[in-house]
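Report on the structure
Each chain, written out:
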Amino acid sequence: MTWTAPDVVPTGTLVGADERPMLQSWLDFHRQTLLAKCGGLDAEQLATRPVPPSTLSLLGLVRHLTEVERGWFRVSAAGEDIPPVYASEAEPDADFDDLDSLPAEQVFAAFHAELAAADAAVAELSLDHVFHVPWRPDDYTLRWVYLHMIEEYARHNGHADLVRERIDGRTG
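So, here is what we can say about the structure in this document. (Residues numbered from 1 in each chain as written. Predicted model: local features only at pLDDT ≥ 70, side-chain atom pairs only at ≥ 80, totals over all residues. Heavy atoms only, no water.)

What follows is about the pattern of salt bridges. For the structure shown, the criterion picks out 12 salt bridges. The partner of Arg155 in a salt bridge is Glu151, and the shortest N-O contact between them spans 2.9 Å. In this pair, Arg155 and Glu151 both sit in helix 6 (residues 142–168), four residues apart, roughly one turn of the helix. For Arg155, a relative accessible area of 37% puts it in the partly exposed group. (Salt bridge = Lys/Arg side-chain N within 4 Å of Asp/Glu carboxyl O. Helix = DSSP H or I, 4+ residues; strand = E, 2+ residues; numbered from the N terminus. Buried < 20%, exposed > 50% of the residue type's maximum accessible area, 1.4 Å probe, protein only.)

Our focus in this paragraph is helix 6. When the terminal C-alpha atoms of helix 6 are compared, their 38 Å separation across 27 residues agrees well with the 39 Å that a helix rising 1.5 Å per residue should span. Gly169, located one to two residues past helix 6, shows a positive phi value of around 85 degrees. (Expected span 1.5 Å × (residues − 1).)

Ring pairs (aromatic) are described by centroid distance and by the angle formed between their planes. Under the defined criterion, the tally for this structure stands at seven aromatic pairs. An angle of 55 degrees between the planes, with centres 5.2 Å apart, marks the rings of Trp3 and Phe108 as tilted. Of the two residues, Trp3 is situated in the segment before helix 1 (19–38) and Phe108 in helix 5 (residues 104–122); the sequence distance between them amounts to 105 residues. Judged by relative accessible area, which is 22%, Trp3 ranks as partly exposed. Among the residues examined, Phe108 registers a relative accessible area of 4% and is labelled buried. One Lys or Arg, Arg63, reaches over the ring of Tyr86 and ends 4.0 Å from the middle of that ring. (Phe/Tyr/Trp six-rings, centres within 6.5 Å; stacked < 30°, edge-to-face > 60°. Lys NZ or Arg CZ within 6 Å of the ring centre and 35° of its normal.)

For the bond from Pro52 to Pro53, the omega torsion is 5 degrees, close enough to zero to count as cis. Relative to the assigned elements, Pro53 resides in the loop between helix 2 (43–46) and helix 3 (58–77).

Let us now look at helix 3. Structurally, the α-helix is built with 3.6 residues per turn, so residues lying three or four positions apart point the same way. For helix 3, built from 20 residues, the straight-helix expectation of 28 Å at 1.5 Å per residue is met to within 8% by its first-to-last C-alpha distance of 27 Å. Where helix 3 bends most, at Gly71, the angle is about 30 degrees. A large share of helix 3 lies buried, amounting to 18 of its 20 residues. Positioned one or two residues after helix 3, Gly79 has a phi angle of 75 degrees, which is positive. (Bend = angle between axes of the 7 residues up to and from the residue.)

By themselves, these figures tell us nothing about what the structure is for.
Structural data, given as structure tokens:
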């Protein structure tokens, strides 16, 4: 039996809540939206790059956002010393380019595991927690990371909309 990405219906966001729960609800909404764009597709469809010459695929987006979650929440904000999930110095774009390195089902499992680990890594940190990343000139706060990740997902979910429509015509 061929594995297919599970169907996901994004939950709503909080309205009128405190800042941290509201930011988390928007981040979770966008995480779930990405998964919803993948729902019902098999591994071959998820790896389809329907807009040549772009290497963009739904599977690549899931891999990329796994990498970004780890980089901002765990490595940068929480200071964990862990390697990238897919990328390397030799292959910095492996998240988008090297789609055969891990079966789609395992990519999705890694994504879910990274979300849980990212949330746990910053759970006790204040939104005002300040950190520095060596490859950028500024200091950042955890609040900035939440806002950036919401923006990152929103932008890539727009890409996912277009890729999904090119694969099977599904919109929304």
